[in-house]
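# Notes for the structure review
Residue strings, one per chain:
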Amino acid sequence: MQKKLSEGNITKSLIQFALPILIGVCLQRVYILADTIMVGRLLGTDQLAAVGAASVIANLFIDLCTSFTNGFGIVVAQFFGANDEKHTKQSLAITYTLAAALVVVLTISGFLLIKPLLILTRTPASIISFSMDYLRILIGGLICSMVYNILANLLRSLGDSTIPLIFLIVSVSLNVVLDYSLIKFFGLGVKGAAAATVISQGFAGFGCLIFCLFKRKILHVKKTDFVFQSTLIKKIISQGSATALMFSVVTLSTLILQTGINSLGTDMIAGYLAGRKYLELFMIPGAALAMTAGSFVSQNYGANNYHRIKEGVKQLILIGFTWAAISFVILFLFAKPIVISVTGKNAAIHIIESGIQYLKIGVCFFPFLFVLVITRSSLQGMNHRKTPVFSSCIELIVKSLAVFVLVPFFDFLGICITEPLVWLINALWLFPMYLKYLKRDWK
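Now for a description of the structure that goes with this document. None of the values given here were measured: they were computed from a predicted structure.

### A short note on the overall build of the protein chain
A tally of regular secondary structure across the protein chain gives 15 helices and 0 strands. Its C-alpha atoms give the protein chain a radius of gyration of 21 Å, near enough to 22 Å, the size a compact globule of 443 residues would have. Taking the principal axes of its C-alpha atoms as reference, the protein chain extends roughly 60 × 45 × 35 Å. Split into buried and exposed, the 443 residues of the protein chain put 59% on the buried side. Nonlocal contacts in the protein chain, meaning residues at least 24 apart in sequence, comprise 85% of its contacts between residues at least 6 apart. Counting only carbon and sulfur atoms, one obtains 69% of the accessible surface of the protein chain, whose full area is about 17800 Å². The centroid of the 36 positive side-chain charges in the protein chain is displaced by 7 Å from the centroid of its 18 negative side-chain charges.

### Quick look at the side chain of Thr292
Tracing the chain through its elements places Thr292 in helix α10 (residues 284-302). Only 2.8 Å separates the side chain of Thr292 from the backbone oxygen of Ala288, close enough to count as a polar contact. Filtering out sequence-adjacent residues up to four positions away, Thr292 remains in contact with Leu14, Phe17, Ala18, Ile21 and Leu316.

### Structural notes on the nonpolar core
Residues Ile309 and Phe366 are the most contacted members of the largest nonpolar core, which totals 68 residues. Residue contributions to this core peak at 11 residues, all from helix α11 (residues 306-343). Apart from the residues within four sequence positions on either side, Phe366 is in contact with Leu279, Phe282, Met283, Ala324, Ser327 and Trp423. In terms of nonpolar packing, the next biggest core, distinct from the first, is built from 67 residues, Leu155, Leu165, Leu168 and Phe211 among them.

### Quick notes on unusual backbone geometry
For Asn304, which is not glycine, the phi torsion reads 60° and is therefore positive. The residue Asn304 is located in the loop between α10 and α11 in this model. Asn304 sits in the exposed class, given a relative accessible area of 52%. Within the chain, Asn383 stands out as a residue other than glycine whose phi angle is a positive 70°. Secondary-structure assignment places Asn383 in the loop between α13 (366-381) and α14 (386-410). Residue classification places Asn383 among the partly exposed positions, given a relative accessible area of 24%.

### Section: the packing of helix α2 (residues 45-81) against helix α4 (residues 128-140)
Interhelical geometry of α2 versus α4 gives an angle of 35° and a closest axis separation of 8 Å. Every pair of crossing elements has a handedness; the one defined by α2 and α4 is right-handed. Residues Gln47, Ala50, Val51, Ala53, Ala54, Ser55, Ile57, Ala58 and Phe61 of α2 lie in contact with α4, whose contacting residues are Phe130, Ser131, Tyr134, Leu135, Leu138 and Ile139. For the contact of α2 with α4, the class distribution of residues is 12 nonpolar, 3 polar and no charged.

### Considerations on a nonpolar patch on the surface
A contiguous nonpolar patch, built from Ile397, Leu401, Phe404, Val405, Phe409, Phe410 and Leu413 and spanning about 740 Å² of accessible area, is present on the exposed surface. Tracing the chain through its elements places Leu413 in helix α15 (residues 412-442).

### Regarding the side chain of Asn305
Looking at the element boundaries, Asn305 is found in the loop between α10 and α11. Owing to a relative accessible area of 17%, Asn305 belongs among the buried residues under this scheme. Apart from residues no more than four positions distant in its own chain, Asn305 is found in contact with Ser6 and Asn300.

### Some details on the packing of aromatic side chains
Under the counting rule described, the total for this entry stands at 11 aromatic pairs. Ring geometry for Phe365 against Phe368: centres 6.3 Å apart, planes inclined by 40°, an arrangement best described as tilted. The exposure class of Phe365 is partly exposed, given its relative accessible area of 26%. The class for Phe368 is partly exposed, based on a relative accessible area of 28%. Consider the rings of Phe390 and Trp429, whose centres lie 5.5 Å apart with planes at 80°: the pair is edge-to-face. On the criterion of sequence distance, the pair formed by Phe390 in helix α14 and Trp429 in helix α15 is long-range, its members being 39 residues apart. Through a chain of ring-to-ring contacts, three or more aromatic side chains come together here, namely Phe366, Phe370 and Trp423.

### Here we look at helix α5 (residues 142-157)
Compared with the 22 Å implied by 1.5 Å per residue over 16 residues, the 22 Å span of α5 between its first and last C-alpha is a close match. The element α5 is extensively covered by neighbouring structure, given that 14 of its 16 residues are classed as buried. After α5 finishes, the residue Gly159 shows a positive phi value of roughly 90°.

### Things to note about the packing of α2 against helix α9 (residues 266-282)
Taken N-terminus to C-terminus, the directions of α2 and α9 make an angle of 65°; their axes are 9 Å apart at the nearest point. One way to sum up the angle between α2 and α9 is to call them roughly perpendicular. Every pair of crossing elements has a handedness; the one defined by α2 and α9 is left-handed. Of the residues in α9, those touching α2 at Thr45, Asp46, Leu48, Ala49, Gly52 and Ser55 are Thr266, Ile269, Ala270, Leu273 and Lys277.

### A few points about the pattern of salt bridges
The tally for this structure, following the rule as stated, stands at 7 salt bridges. Where Arg276 meets Glu280, a salt bridge forms, and the shortest distance between an N and an O atom there is 3.0 Å. Of this pair, Arg276 and Glu280 are both found in helix α9, 4 residues apart, which corresponds to roughly one turn of the helix. For Glu280, a relative accessible area of 14% translates into the label buried. With its nearest N and O atoms 2.8 Å apart, the salt bridge here joins Lys399 to Glu395. Note that Lys399 and Glu395 are positioned in helix α14 at a spacing of 4 residues, about one turn of the helix. Among the residues examined, Glu395 registers a relative accessible area of 6% and is labelled buried. When salt bridges with common partners are traced through the structure, they connect Arg276, Glu280, Glu395, Lys399 and Glu419 into a single cluster.

Rules and cut-offs
Position numbers for residues start from 1 in each chain and track the written sequence from start to end. Thresholds applied to this predicted model are a pLDDT of at least 70 for local features of residues and 80 or more for the giving and counting of side-chain atom pairs; totals over whole chains, interfaces and linings are not thresholded and use all residues. Hydrogens are left out, water is left out, and the side-chain values use all remaining heavy atoms of the structure. Working definition: helices are DSSP H or I runs of at least four residues, strands are E runs of at least two. Numbering for both runs from the N terminus. Atoms considered for the radius of gyration are the C-alpha atoms alone. The globule rule reads 2.2 Å times the number of residues to the power 0.38. A 1.4 Å probe rolled over the protein chains alone gives each residue an accessible area, and that area as a share of the maximum for its type sets the label: buried under 20%, exposed over 50%, partly exposed in between. Only heavy atoms enter the contact rule, under which two residues are in contact if any of them lie within 4.5 Å. With residues, only the protein chains shown are counted as cover, and all accessible areas are computed by Shrake-Rupley using a 1.4 Å probe. Charge counting treats Lys and Arg as positive and Asp and Glu as negative, with His and both chain ends excluded. For this purpose, a charge sits on NZ of Lys, CZ of Arg, CG of Asp or CD of Glu. In the analysis that follows, any N or O atom pair within 3.5 Å is treated as a polar contact, provided that within protein one partner can donate a hydrogen and the other can accept it, and provided that, for residues neighboring in sequence, both atoms belong to side chains. Put simply, buried Ala, Val, Leu, Ile, Met, Phe, Trp, Tyr and Cys residues joined by side-chain atoms within 4.5 Å make one nonpolar core. Axis angles are defined between N-to-C directions and span 0 to 180 degrees, where every axis is a line fitted to C-alpha atoms and, for a helix, only to the segment in contact. By the definition used in this description, the sense in which the near helix is turned from the far one sets the handedness, with an anticlockwise turn below a right angle giving left-handed and a clockwise turn giving right-handed. Gly falls in the polar group here, along with every residue not listed as nonpolar (Ala, Val, Leu, Ile, Met, Phe, Trp, Tyr, Cys, Pro) or charged (Asp, Glu, Lys, Arg). Put simply, a patch holds well-exposed residues, over 30% relative accessible area, that have no salt bridge, with like charges counted together within 9 Å and Val, Leu, Ile, Met, Phe, Trp or Tyr side chains within 5 Å. Basic side-chain nitrogens of Lys or Arg form a salt bridge, by our definition, when they fall within 4 Å of a carboxyl oxygen of Asp or Glu. Note on aromatic contacts: the rings of Phe and Tyr and the six-membered ring of Trp form a pair at centre separations within 6.5 Å, being stacked when their planes are under 30 degrees apart, edge-to-face when over 60 apart, and tilted otherwise. To estimate the expected span of a helix, subtract one from its residue number and multiply by 1.5 Å. An angle below 35 degrees is treated as roughly parallel, one above 145 as roughly antiparallel, one from 65 to 115 as roughly perpendicular, and anything else as oblique.

Okay, here's the thing in structure tokens:
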């Protein structure tokens, strides 16, 4: 049920809200990892590299769906926290309209840009056809991702992080079964992996829709709610656009970095993918803490509870530091078997070693990553949109320089140190900016 994050015990509210998000993000990463493992084990290195090269492009479009709806949800959460039912309903009506238009634009543009983006990222000719097959299906199913993400983000903006998790659990279970079946028994190759993802996301989206129609009347809108006031539209679009711009610039920078990875050859793509998928798995608590910070800060900002914002963000960062220490121990002790679980024991030794190197370097900089994502989401929840966008521009600059400077001079090591460098630079200036804006708004 929806919950006021602007009331009650802060620690209890954070844990109750963050735990379902953490489990949900874990499950999402698990079924992405399932795609990777099954493609690597059942199909081979070329198909594994093709999925790795295509995933960055797919994420560009999926992240746009997710980030726009995240931004829309911030506005809804602020009105909900302020107990302003009228503007909550009107913001919901505008959100639904914008989401429908957005998914149409993204799907059309996605189909038009598949091949140019693969060529732009220097995807090897030997795997480009596999990557195109994978992307066509994922982009064709963007509507499934949009339906789930819009409803899940709106539910979380109202303090309900449990219902999105329930549907996600069923969806992930379905995805794992379909992954194996479509690849192993139906021989669909990378198409099967993509189809499994789309079908399972569609199930989660449809399930959320049915639930909200019958059980969450607060998300219902009437004709009278479709009052498109220019100030409200501007607020929602600016928040959604700022969030989307930030994430799209981050994804674009990753896309640019992928060109550097692809230039190193198929073996290095496979090694990077093996390390990256597991590093992302250990980064999951950071994503959950960031999403929690966004909803928590938004509701309390709407209610003018600045003392709760300060204490809540502090607790979230401490949780992040604790997980960073745990991750360091695990990845340094078990890096080799972790990478082999993706590549298989028969993979070339330099592929395995590159995955291990990527894991060990990345985890050393986790504390800076957690400070970055938590403070960035907190600033968005406080309507300070420009600072997070600027942080993503810094990421774009660093990753672009990496392709032209670090990779040519240091080869794969240049790839390994690029993102940690981004985390370090952004954390060192974003946290002071957060403190500055919090103090100013509080006054």
